[in-house]
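Geometric and topological summary
Okay, here's what each chain looks like letter by letter:
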Amino acid sequence: MSTQLFHIPETRDLKGNAEMHTHLVPASYHRITATGSAQRLLNGEREPSILKTLITCIQKAKQRDRNVRTGLNVMRNAATASYKPFIENIIRWQDDAELHLQNAEQFVMRIT
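Throughout what follows, the structure given in this document is the object of discussion. (Residues numbered from 1 in each chain as written. Predicted model: local features only at pLDDT ≥ 70, side-chain atom pairs only at ≥ 80, totals over all residues. Heavy atoms only, no water.)

This part is about helix α2 (residues 48-78). Between the first and last C-alpha of α2 there are 45 Å, a value that for 31 residues agrees with the 45 Å anticipated at 1.5 Å per step. Listed as buried for α2 are Ile50, Leu54, Cys57, Ile58, Ala61, Asp65, Val68, Gly71, Leu72 and Met75. Tucked inside the fold, the buried residues of α2 contact α1 (17-42) and α3 (84-111). (Helix = DSSP H or I, 4+ residues; strand = E, 2+ residues; numbered from the N terminus. Expected span 1.5 Å × (residues − 1). Buried < 20%, exposed > 50% of the residue type's maximum accessible area, 1.4 Å probe, protein only. Contact = heavy atoms within 4.5 Å.)

Turning our attention to the side chain of Ser37. Mapped onto the elements, Ser37 comes out in helix α1. With residues near it in sequence (within four places) discarded, Ser37 still touches Ile50, Thr53 and Leu54.

This part is about the environment of Ala97. Looking at the element boundaries, Ala97 is found in helix α3. Separated by 32 residues in sequence, Ala97 and Asp65 place their C-alpha atoms 9.2 Å apart.

In this section: the environment of Ala34. Considering the arrangement of structural elements, one finds Ala34 in helix α1. Expressed as a C-alpha distance, the spacing of Ala34 and Glu105, which sit 71 residues apart in the sequence, is 8.9 Å.

Evaluated as defined, the whole model comprises 6 salt bridges. Between Arg40 and Glu45 there is a salt bridge, with its nearest N and O atoms 2.7 Å apart. Overall, Glu45 belongs to the partly exposed group, its relative accessible area being 33%. Across the pair Glu98 and Arg69 runs a salt bridge, and its minimum N-O distance is 3.0 Å. With Glu98 in helix α3 and Arg69 in helix α2, this residue pair connects regions lying 29 residues apart in the sequence. Judged by relative accessible area, which is 22%, Arg69 ranks as partly exposed. Among the charged side chains, a network of salt bridges with common partners joins Arg69, Asp95 and Glu98. (Salt bridge = Lys/Arg side-chain N within 4 Å of Asp/Glu carboxyl O.)

All right, on to the layout of surface pockets then. Each pocket or cavity is described by its volume, and for the largest pocket that value is around 300 Å³. At 5 residues, the largest contribution of residues to the lining of the largest pocket is made by α3. Of the residues that constitute the lining of the largest pocket, the class distribution is 8 nonpolar, 3 polar and 2 charged. (1 Å grid on protein atoms, 1.4 Å probe; cavity = no way out; pocket = protein on both sides within 12 Å on 5 of 7 lines; lining within 4 Å. Points joined across faces, edges and corners; volume = space filled by probe spheres on them. Nonpolar A, V, L, I, M, F, W, Y, C, P; charged D, E, K, R; others polar.)

Any two packed helices are characterised by how steeply their axes cross, that is the angle between the axes, and by the distance between the axes. One way to put it is that α2 packs onto α3 with a least axis distance of 10 Å and a crossing angle of 160°. Between α2 and α3, the angle is such that the two are roughly antiparallel. Crossing of α2 against α3: the hand is left-handed. Per-class residue counts for the contact of α2 with α3 are 16 nonpolar, 3 polar and 9 charged. (Axes fitted to C-alpha atoms, helices over the stretch in contact; angles between N-to-C directions. Parallel < 35°, antiparallel > 145°, perpendicular 65-115°, else oblique. Left-handed = near helix turned anticlockwise from the far one by under 90°.)

Here it is as structure tokens:
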């Protein structure tokens, strides 16, 4: 959704969006890799490197998510009133993504 803002004339240069994306893309990568690693462990794989990958990706995603959150707040503050609800919706998506990461982190604590 935030990428869409680059293609709308009124939000093309929305403050915070480009900076936020420098963290969103790697955060998404790490979150997906953490989820996949957790699924592999749930399916019975026991290679120690899978657990190490899972833990590292959770940590890196959480670090990046903090910067994503900062960028989203900058965007919300800089947006015109007509785009604030759209950005609030992006923030809700980010909330969900962080919740899924927390679930993976709780899984790691249960199995270690």
